[in-house]
Amino acid sequence: MEIYSPYKVLHHQDKIELLKKGEFPIPAQVQLDITNICNHNCSYCTYRKESERAENIDFQEKQFIETNRLLKLLEEIKEAGVKAIIIQGGGEPFVHPGIIPVLKKINELGLELGIITNGTKIKQEHLPFIKKASWIRFSIDAASDETYIKVQGCTDNIPKTIIKQIKEENPNIVIGMSFLTKPENYTEAYDFAIMAKELLVDNVRFSIVNTVNEEDIMKDYYEGYFDLIDKASKLQTDKFRVFGLKNRKDALKNCKNYDVCYYQHFVAVIAANGNLYPCCWTKNINEFKIGNINDMSFKEVWLSKLRMDKVLKQDLKKCPSCWFDKTNELMNYHLKKDPKHVNFV
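This structure is a prediction, so every number in the text was calculated from the model and none was measured. Per chain, residues are indexed from 1 in the order of the written sequence. Confidence filtering applies because this is a predicted model: local features only for residues at pLDDT of at least 70, side-chain atom pairs given and counted only at 80 or more, and all residues used for totals across whole chains, interfaces and linings. Based on all heavy atoms of the structure, the side-chain values leave hydrogens and waters out of the count.

## A few points about the packing of helix H7 (residues 189-198) against helix H8 (residues 222-233)
Thought 1: Throughout, an axis means a line fitted to C-alpha atoms (over the contacting stretch in the case of helices), and angles, computed between N-to-C directions, take values from 0 to 180 degrees. Segments assigned H or I by DSSP are reported as helices when at least four residues long, segments assigned E as strands when at least two residues long, and all are numbered from the N terminus. Relative orientation of the contacting elements H7 and H8 amounts to 25°, with a least axis distance of 8 Å. Taken together, the axes of H7 and H8 lie roughly parallel to each other. In terms of crossing hand, the pair formed by H7 and H8 is right-handed. Along the contact surface, H7 presents Ala-189, Tyr-190 and Ala-193, while H8 presents Tyr-225, Leu-228, Ile-229, Lys-231 and Ala-232. With respect to orientation, any angle under 35 degrees is reported as roughly parallel, any angle over 145 as roughly antiparallel, any angle of 65 to 115 as roughly perpendicular, and every other angle as oblique. In this scheme the crossing of two helices becomes right-handed for a clockwise turn of the near helix relative to the far one and left-handed for an anticlockwise turn of less than a right angle. Whether two residues are in contact is decided by their heavy atoms: any pair within 4.5 Å suffices.

Here you go:
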């Protein structure tokens, strides 16, 4: 399905032409952590386990961007030429006291909107502002309330009612549910897909927990887990997509077969402390910081000498593992000078 294509960058020819000239384009989207505060305490959330947090991580649980700065930032993002915004965490965006004016501002500016949430803090008063979103993804990680409470570190139940209501009232919104796999929940993978389909969501995404020290805690469970994923994939229809992530497991081996990360030119990530990073995988890692939106405007940070120097001197071997390889492989080939045999199509 086209909305899930890794080749969407090809529709941004204006940015590609700038890259060909050695210039840096404005990103197509900004991923924005409006708060690090969260009402859940998910297992394996390394941000919240201070004793396990790496020394090079800049993260404080109580950080959030003030509402007035958020509203001004959204104007700066729009003025710069960004087309889409993702409201996410960090923490749970719907605990931010300014979430309604933020969503209202996004709608007024005509920015396309994506939302990542656990869903348990979404109230009826939020729904009029959510309905214009292009997509919303719920972090669930379970098929039963018992497992949900355990792995999410909460007293809430799975927010099935609000998920179904959003889809029934706004059928054009693409709704996804994510399942972060760990030994405590992997046996519910197939039941999770069944539950999602019954809730009328459009897709489910299975990913594997990535610990601070990159320990493969699922290594003893893969055979059974991928059997369940294969079984879940048989539930797919034209209206329901299952992302089974054998390929993402392989991506986390960090065997990049390209020289340049072009993905970072199409996306910007802003953490709840205002720091700007080149992608979601580098978020909150000190060495990848490229400025702070509390010190300068969004465009000033994005086009700063610091960012340009970091892009030009980037060593992909120092980058965290990621799953944007397909996009980067495409762009590395597309921007290659004088590739061989191009006419033998």
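## Comments concerning the sheet that holds strand E3 (residues 112-117)
Thought 1: Pairs of strands are assigned from DSSP output, requiring at least two bridges between the strands. Strand order in the open sheet formed by nine strands is E7-E6-E5-E4-E3-E2-E1-E8-E9, and the pairing between neighbours is mixed. What marks the edges here is a single partner per strand, and that holds for strand E7 (241-243) and strand E9 (276-277).
Thought 2: Two strands pair when backbone bridges link them, and strand E2 (residues 84-88) and E3 are joined in this way by four bridges, in the parallel orientation. Paired with Ile-87 across the strands is Ile-115, a residue of E3.
Thought 3: Contacts from H7 reach strand E5 (174-181) and strand E6 (203-208), with the element oriented near 165° to E5.

## Quick look at empty space enclosed by the protein
Thought 1: With a 1 Å grid spanning the protein atoms alone, the term cavity applies to any set of points in which a 1.4 Å probe fits but cannot get out, the term pocket to an open set with protein on both sides within 12 Å along at least five of seven lines, and the term lining residue to any residue with an atom within 4 Å of a point. Grid points are joined across faces, edges and corners, and a volume is the space filled by probe spheres set on the points. Going through the model one piece at a time under the given rule, you end up with two cavities of 30 Å³ or more.
Thought 2: Here the largest cavity is characterised by a volume of approximately 130 Å³.
Thought 3: Around the largest cavity, the lining is made up of 16 residues, and of these Cys-261, Cys-279, Thr-282, Cys-319 and Cys-322 lie nearest the centre.
Thought 4: Asp, Glu, Lys and Arg are counted as charged, while Ala, Val, Leu, Ile, Met, Phe, Trp, Tyr, Cys and Pro are counted as nonpolar; the rest, among them Gly, fall into the polar class. Looking at side-chain class alone, the lining of the largest cavity contains eleven nonpolar, four polar and one charged residues.

## Some remarks on the packing of aromatic side chains
Thought 1: Whether two aromatic rings pair depends on their centres lying within 6.5 Å, for rings of Phe, Tyr and Trp, where Trp uses its six-membered ring; planes under 30 degrees apart make the pair stacked, over 60 edge-to-face, and the rest tilted. Counted under the stated rule, the structure contains eight aromatic pairs.
Thought 2: With centroids separated by 5.5 Å and ring planes inclined at 15°, the aromatic side chains of Tyr-222 and Phe-226 adopt a geometry described as stacked. Of this pair, Tyr-222 and Phe-226 both sit in helix H8, separated by four residues, roughly a single helical turn.
Thought 3: Throughout, exposure labels follow a simple rule: accessible area from a 1.4 Å probe, protein chains only, divided by the maximum for the residue type, with under 20% read as buried, over 50% as exposed, and the rest as partly exposed. Tyr-222 gets classed as buried once you look at its relative accessible area, which sits at 12%.

All we've got here are geometric facts, nothing functional implied.
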